[in-house]
Amino acid sequence: MKNLKNFGGSFSRRRLLAGANALSVSLLSSGLFPRLARSGEPIKIGFLAPLTGEVAAWGKPGLDGCLIWAEWVNALGGVKLGNERHNIEFVAYDNEYDPGKARTGAAKLIREDGVQFIMMLGGDTWPGVQPVAERSGMLVSTLLPSDLTPDTTTLIAPAEVHPIYNVTGVEWMAETFPNLKSAVICAQDDALGLPSLATYLAAFEAEGIELQQDPLLFDPATTDFAPIVTKMLSSNPDIVSLDTCYSDYVHPICEQLFQQGYEGKVISCTADFYEQIIEKTSKEFMEGFIFQFPDFDDPALNDPRVNFKDPNDFFREYNRRYPGEWGAVSWEYASIMDLWKEAAEKAGSAEPEKVLAAMKSGGKGAHAFGEANWWGREFFGIDNALVGNWPVVVIEDGKARVKAYKSIPDWYDRHGELLIRHMEALGQMYYQRG
């Protein structure tokens, strides 16, 4: 816990503020607190992500979180632009993680619904949206900075810098368990799996962890993971990396690891709905599982440098409304809206161009996990990713706990050339994508 030693002061002021905010929300919902008058038309925000299908776990929970965010913001007066206040309304479109449907959805959201900002998961769906966004000048956010290129001037990655933050989990693991020296990796062969694979390869090499066999790339249509796990375990690795596998893959892979008697370390980008994995395996099997996304009831989220508003209250309310559905993206889209709201109020306008200028003014931003820099020119060709610290999360006694906040820029300063080399080897640098 040494990495958290200096990340925990001034709790009393934070608790008082959190308590006051929670009381305000409670009074608002009960009708005992006056709602601020509105004078402007509602501002519409587009939510263009997979809400059904195998990638829905990285779309639908984010929309649910945004609806809570909007309810709370609107109850406290909405967004103040100049002398007018505006409610926020979300307009959702299910792109089913299909580029063609994403393009259709973007056109509808812009032309018919009149949205001022569009949030996406990104990845395979971004190429379908890019020409629509370019023609309209629409501001779009992605959770996958690998979408960024010098030409994507209105695309931002303000919540997560996937997949680069995965280096923080490997770095912490190597520091904490220096005896772990060998690893195997599996990944789905797509726009999420490949750049993440390059990142894990670079992170393992930086720590002197040897890959026991070539990475196992599987078709996204795979449903039987027994052969894949058998092949991975054949080399008796210290570490099994699940890359950025979708939850529909992480769960059956973990079941197979359990059934085939694996007792080593598991590291993964995500562990969405990990309680279900524990039910299908055991608490003992999942003990020490390393991933990158915290539960927001974690005490480490209450530090005043964390910029997400009332994380514990948000977590409780989310789980009250959507029990068992908290996942990696439940908070991310809402955190993007915090940045958007601050920038819009600073600009005094919801116009995409003005919001983007205000958001990037000064080169820094209030990322969910602390102040961060707008970064990425040498890696993405454009400084449109907000990059700073990222949490390392470990399952202990059946519960996810933040063990450290590690700096992505510090790692990149030391190992950036190594990461670029592995990205190039897999054709994942921005200048290799056409």
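Basis of the calculations
Every chain is numbered on its own, with residues counted from 1 as its sequence reads. The model is predicted, so local features are restricted to residues of pLDDT at least 70 and side-chain atom pairs to those at 80 or more, both for listing and for counting; the totals for chains, interfaces and linings are taken over all residues. Heavy atoms throughout the structure, all of them, feed into the side-chain values; hydrogens and water do not. Every helix listed is a DSSP run of H or I at least four residues long, and every strand listed is a run of E at least two residues long, numbered separately from the N terminus. Atoms counted for the radius of gyration: C-alpha only. Globule rule: 2.2 Å times the number of residues to the power 0.38. Any two residues whose heavy atoms approach within 4.5 Å are treated as being in contact. The charge count includes Lys and Arg as positive and Asp and Glu as negative, but it does not include His or the ends of the chains. Here the site of a charge means atom NZ of a Lys, CZ of an Arg, CG of an Asp or CD of a Glu. An automatic or database domain assignment provides the domain bounds reported here. By buried area we mean the combined loss of accessible area, with a 1.4 Å probe, across both parts when two parts are placed together. Each residue's exposure class comes from its accessible area (1.4 Å probe, protein chains only) as a fraction of the maximum for that residue type: buried when under 20%, exposed when over 50%, partly exposed otherwise. Each cavity reported here is a set of points on a 1 Å grid over the protein atoms alone in which a 1.4 Å probe fits but cannot get out, each pocket an open set with protein on both sides within 12 Å along at least five of seven lines, and each lining residue one with an atom within 4 Å of a point. Grid points are joined across faces, edges and corners, and a volume is the space filled by probe spheres set on the points. Residues are sorted three ways: Asp, Glu, Lys and Arg are charged, Ala, Val, Leu, Ile, Met, Phe, Trp, Tyr, Cys and Pro are nonpolar, and all the rest, Gly among them, are polar.

**Brief notes about the overall build of the chain**
Then comes step 1: Counting its secondary structure elements, the chain contains 15 helices and 18 strands.
Then comes step 2: Taking 22 Å as the expected radius of gyration for a compact globule of 434 residues, we find that the chain reaches 21 Å, a close match to that expectation.
Then comes step 3: With respect to the three principal axes, the spread of C-alpha positions in the chain is 65 × 50 × 40 Å.
Then comes step 4: Intrachain contacts of the chain at a sequence separation of at least 6 include 69% that bridge at least 24 residues.
Then comes step 5: Computing the positive centroid from 39 side-chain charges and the negative centroid from 59, the chain places the two 8 Å apart.

**Observations regarding the domain arrangement of the chain**
Then comes step 1: Annotation of the chain at the domain level lists domain 1 (43-162 + 302-387) and domain 2 (166-291 + 392-425).
Then comes step 2: Put simply, the middle of domain 1 and the middle of domain 2, counted by C-alpha atoms, are 27 Å apart.
Then comes step 3: Counting residues at the interface gives 23 residues for domain 1 and 26 residues for domain 2.
Then comes step 4: Buried area between domain 1 and domain 2, summed over both chains or domains, comes out near 1,900 Å², and the portion from carbon and sulfur atoms is 68%.

**What about unusual backbone geometry?**
Then comes step 1: Omega for the peptide link from histidine 162 to proline 163 comes to 5 degrees, which places this bond in the cis form.
Then comes step 2: Turning to its location among the elements, proline 163 is positioned in the loop between β7 (155-156) and α5 (166-176).
Then comes step 3: In the Ramachandran plot, tyrosine 97 falls in the positive-phi region, its phi being about 55 degrees despite a non-glycine side chain.
Then comes step 4: Considering the arrangement of structural elements, one finds tyrosine 97 in the loop between β4 (88-94) and α3 (99-111).
Then comes step 5: Given a relative accessible area of 14%, tyrosine 97 falls into the buried group.
Then comes step 6: A positive phi angle, near 55 degrees, is found at asparagine 236, a position not held by glycine.
Then comes step 7: Note that asparagine 236 resides in the loop between α7 (226-233) and β11 (239-241).

**Some points on empty space enclosed by the protein**
Then comes step 1: Within this structure, the stated rule accounts for 2 cavities of 30 Å³ or more.
Then comes step 2: The calculated volume of the largest cavity comes to roughly 90 Å³.
Then comes step 3: Residue classes in the lining of the largest cavity are distributed as 10 nonpolar, 3 polar and 2 charged.
Then comes step 4: A domain-level breakdown of the lining of the largest cavity finds at least three residues from each of domain 1 (43-162 + 302-387) and domain 2 (166-291 + 392-425).
Then comes step 5: Estimates place the volume of the second largest cavity at around 60 Å³.
Then comes step 6: Every residue along the wall of the second largest cavity is listed here: Ser146, Leu148, Pro163, Pro195, Phe379, Phe380, Met423, Gln428, Met429, Tyr430 and Arg433.
Then comes step 7: Taken together, the residues that form the lining of the second largest cavity break down as 8 nonpolar, 2 polar and 1 charged.

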